[in-house]
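# Survey of secondary and tertiary structure
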Amino acid sequence: MLVTRQKVLRRFWYPVMPMAMLEDGPKPFTLLGEAIVLFKGAEGKPVALADRCCHRTARLSRGFVEDGNIVCGYHGWTYDCTGRCVRIPQNTDAAIPANAKVPAYHCESRYGYAWVALEDPLMPIFELTEAGDPGYRQIDQFYEVWNCAGLRLMENSFDMAHLSFTHKGTFGPKNHVPRKMTMDVSDWGLETYVETPVTNPAIARSVVGSDAEETVRIMRGTWFLPFSRRLAISYPNGVRHTIITNATPIDDGSSMVVQWCYRSDSEDEVPAKDIIAFDRAVTNEDKYILESTDYDACIDTTRRVEFHMDSDRPGLVMREKLLKLLRAHGEDEVHG
Ligand code: FES
Ligand SMILES: [Fe+2]
């Protein structure tokens, strides 16, 4: 699927940047092929505008923020949070022309990130029960570009068959027949439940709270259409580890992987750096194989060669749902 050609994808929220990155001025981002600039507006709220000054086309991200407005670094034209030009420094007497403005996008701060929807969102940003719960700490993990499509990453997140192969260097079970998975499909996603045996290498032991050679993982996955997932893992010692992974679409072939997690233990019990190190090792295994996949593979499940195995079912449902969404929103040409 070519994400930049499917306009309905502009109607979802995506986390595009940690709020902390906006502390020292505006920053550029490319979302679904569109160049945007993010900055902190009045009262610290994030703002997303088209990253192109309407005077002589300079990137606004190369300017600076002043009193909650963004100032172009070329001649100082100044834009408010709606994208309206409110100041032309060289033009002291004449009124500012009505067409002196740049497109503005929906933008909100949530879970420590700036979220953007390029057009009216079809659904709100998903709720996370762990957020704000004093029983959990949030650990920001990864913010990095992967050369793969969001759908490839989502399929992978619910695919139990890859553990023994892709993750044989970390936690993949030796016996590659996964336990039974149950799945519930909802309007805007799906939920899975699986218990699977896993190996328990040295790097994982403090993180999962077990010194055994092998252990069991209980995993509850939620897919939020189109490119986000929550994976709630329960470890044998009762610790809960919930990973939030988003594949924010940059363009057809690349995604910004935005991942954080919630842990029910404390920094004294297991330091965040150990948790990040283990998830880093696992994530690098996924990245290596996913960057070899085709970002424009066919999403029409009737046209694919598939075995409808347990491990492929979530991916099939995702592609069916996406296809239905694209058709419901009048996408005249479904790519892939
Ligand atoms: S190009 Fe932005 S003010 Fe001239
Ligand atoms: Fe994986």
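Along each chain, residues carry numbers from 1 onward, in the same order as the chain's sequence is written. Just so you know, chain letters begin at A and ligand numbers begin at 1, following the order they were written in. Side-chain atom pairs in this predicted model are given and counted only at pLDDT of 80 or more, local residue features only at pLDDT of at least 70, and totals for whole chains, interfaces and linings cover all residues. The basis for every side-chain value is the complete set of heavy atoms in the structure, and neither hydrogens nor water enter the calculation.

## Side note on the coordination of the iron ion (ligand 2)
Put simply, the test is: Distances define the donors: N, O and S atoms within 2.8 Å of the metal qualify, as do those within 3.2 Å of Na, K or Ca. Water is excluded, so some sites may look unfinished. The geometry test gives tetrahedral to four donors whose angles all lie between 85 and 135 degrees, gives square planar to four donors and octahedral to six donors whose opposite members are over 155 degrees apart with all other angles between 65 and 115, and gives irregular to the rest. Buried, partly exposed and exposed residues are distinguished by accessible area as a fraction of the type maximum, computed with a 1.4 Å probe on protein chains only: under 20%, between the cut-offs, and over 50%, respectively.
His162 (NE2), His167 (NE2), Asp286 (OD) and Asp286 (OD) make up the full set of protein donors to the iron ion (ligand 2), lying at 2.1 to 2.6 Å. Viewed at the metal, the four donor atoms of the iron ion (ligand 2) are separated by angles of 55 to 151°, and the geometry they form is irregular. For aspartate 286, a relative accessible area of 11% corresponds to the buried category.

## Concerning the nonpolar core
Where we set the bar: For the purposes of this section, nonpolar cores are sets of buried Ala, Val, Leu, Ile, Met, Phe, Trp, Tyr and Cys residues that join through side-chain atoms within 4.5 Å. Counting from the N terminus, the helices are the DSSP runs of H or I reaching at least four residues and the strands are the DSSP runs of E reaching at least two. Domains are outlined according to an automatic or database domain assignment. Note on definitions: a residue-residue contact is assigned when non-hydrogen atoms from the two residues lie within 4.5 Å.
Phe29, Leu38, Val116, Phe227 and Trp260 are the most contacted members of the largest nonpolar core, which has 60 residues in total. With six residues, the top contributor of residues to this core is helix α5 (residues 313-328). Shared between two domains, this core takes at least three residues from each, and those domains are domain 1 (3-117) and domain 2 (137-327). Beyond its immediate stretch of four places on either side in the chain, phenylalanine 29 contacts Val16, Met17, Glu34, Ala35, Ile36, Leu38, Tyr143, Thr248, Ile250 and Met256. Judged by nonpolar contacts, the second largest core, of 22 residues, contains Leu163, Val208, Ile243 and Phe278.

## Remarks on the sheet that holds strand β7 (residues 78-79)
Put simply, the rule is: In short, DSSP must find at least two bridges between two strands for them to pair.
Reading across from one edge, β5-β6-β7-β8 is the order of the four strands in this open sheet, with antiparallel pairing throughout. Each edge of the open sheet carries a strand with a single partner, namely β5 (64-66) and β8 (85-87). With three bridges joining them, β5 and strand β6 (residues 69-71) adopt antiparallel strand pairing. Note on β6: the bridge partner recorded for valine 65 is isoleucine 70.

## Comments concerning the domain arrangement of the protein
Rule in force here: Buried area: the accessible surface (1.4 Å probe) lost by two parts on joining, summed over both. Here a salt bridge means any side-chain nitrogen of Lys or Arg lying within 4 Å of a carboxyl oxygen belonging to Asp or Glu.
Segmentation of the protein into domains returns domain 1 (3-117) and domain 2 (137-327). Distance between the C-alpha centres of domain 1 and domain 2: 33 Å. Facing 20 residues of domain 1, the contacting portion of domain 2 comprises 21 residues. If you sort the residues of domain 1 by the area they bury against domain 2, Val3, Phe12 and Tyr113 come out on top, with a joint share of 31%. Summed over the shared surface of domain 1 and domain 2, the result is zero salt bridges. Secondary structure elements with two or more residues in the side of domain 1 that touches domain 2: β1 (14-18), β2 (27-31) and β10 (113-117).

## Topic: the environment of tryptophan 260
Condition: Contacts described as polar in this section are N or O atom pairs within 3.5 Å, which, within protein, must combine one atom able to donate a hydrogen with one able to accept it, while residues neighboring in sequence count only if both atoms come from side chains.
Looking at the secondary structure, you find tryptophan 260 in strand β17 (residues 254-263). Residues tryptophan 260 and arginine 52, 208 residues apart in the sequence, show an inter-C-alpha distance of 31 Å. When sequence neighbours within four positions are dropped, the list of residues in contact with tryptophan 260 reads Tyr111, Tyr113, Trp115, Leu128, Gln138, Ile139, Asp140, Gln141, Thr242, Ile243, Ile244 and Asn246. Among the polar contacts listed, one links the side chain of tryptophan 260 to the side chain of tyrosine 262, at a separation of 3.0 Å.

## Thoughts on the packing of helix α1 (residues 150-157) against α5
Threshold: Interaxial angle, 0 to 180 degrees, is taken between N-to-C directions of lines fitted to C-alpha atoms, where a helix line uses only the stretch in contact. We call Asp, Glu, Lys and Arg charged. Ala, Val, Leu, Ile, Met, Phe, Trp, Tyr, Cys and Pro are nonpolar, and the rest, Gly among them, are polar.
For the pair α1 and α5, the least separation of the axes is 9 Å and the interaxial angle reads 145°. Where α1 approaches α5, its residues Leu151, Arg152, Met154 and Glu155 are matched on the opposing element by Gly315, Met318, Arg319 and Leu322. Across the contact of α1 with α5, the residue classes break down as four nonpolar, one polar and three charged.

## Structural notes on the side chain of arginine 229
Basically, it comes down to this: In summary, the charge assignment counts Lys and Arg as positive and Asp and Glu as negative, without counting His or the chain termini.
Take arginine 229: it is sitting in strand β15 (residues 228-234). In this structure, arginine 229 is buried with no salt-bridge partner, the nearest side chain bearing the opposite charge being aspartate 286 at 6.6 Å. Leave out the neighbours within four places in its chain, and arginine 229 touches Met154, Ser157, Phe158, Thr222, Trp223, Phe224, Ile243, Ile244, Thr245 and Gln259.

## As for the side chain of asparagine 200
One can find asparagine 200 in the loop between β13 (189-199) and α3 (202-208). For asparagine 200, a relative accessible area of 2% translates into the label buried. Polar contacts involving the side chain of asparagine 200 include one to the main-chain carbonyl oxygen of serine 210, which spans 2.8 Å. There is a polar contact of 3.0 Å between the side chain of asparagine 200 and the backbone oxygen of alanine 212. The contacts of asparagine 200, once residues within four sequence positions are left out, are Arg205, Val208, Ser210, Asp211, Ala212, Glu213, Glu214 and Thr215.

## Some thoughts on the state of the cysteines
Our working rule: Only a pair of cysteine sulfur atoms within 2.5 Å qualifies as a disulfide here.
What the rule picks out here adds up to zero disulfides. Cysteine 81 provides the cysteine sulfur closest to cysteine 107, a residue in no disulfide bond, and the two sulfurs are 10 Å apart.

## Examining the pairing of strand β12 (residues 181-186)
Looking at chain direction, β12 and β13 are connected through six bridges and run antiparallel. Bridging from a neighbouring strand, valine 185 pairs with leucine 190 of β13. With antiparallel pairing between neighbouring strands as the criterion, β12 and β13 make up a hairpin whose turn holds two residues.

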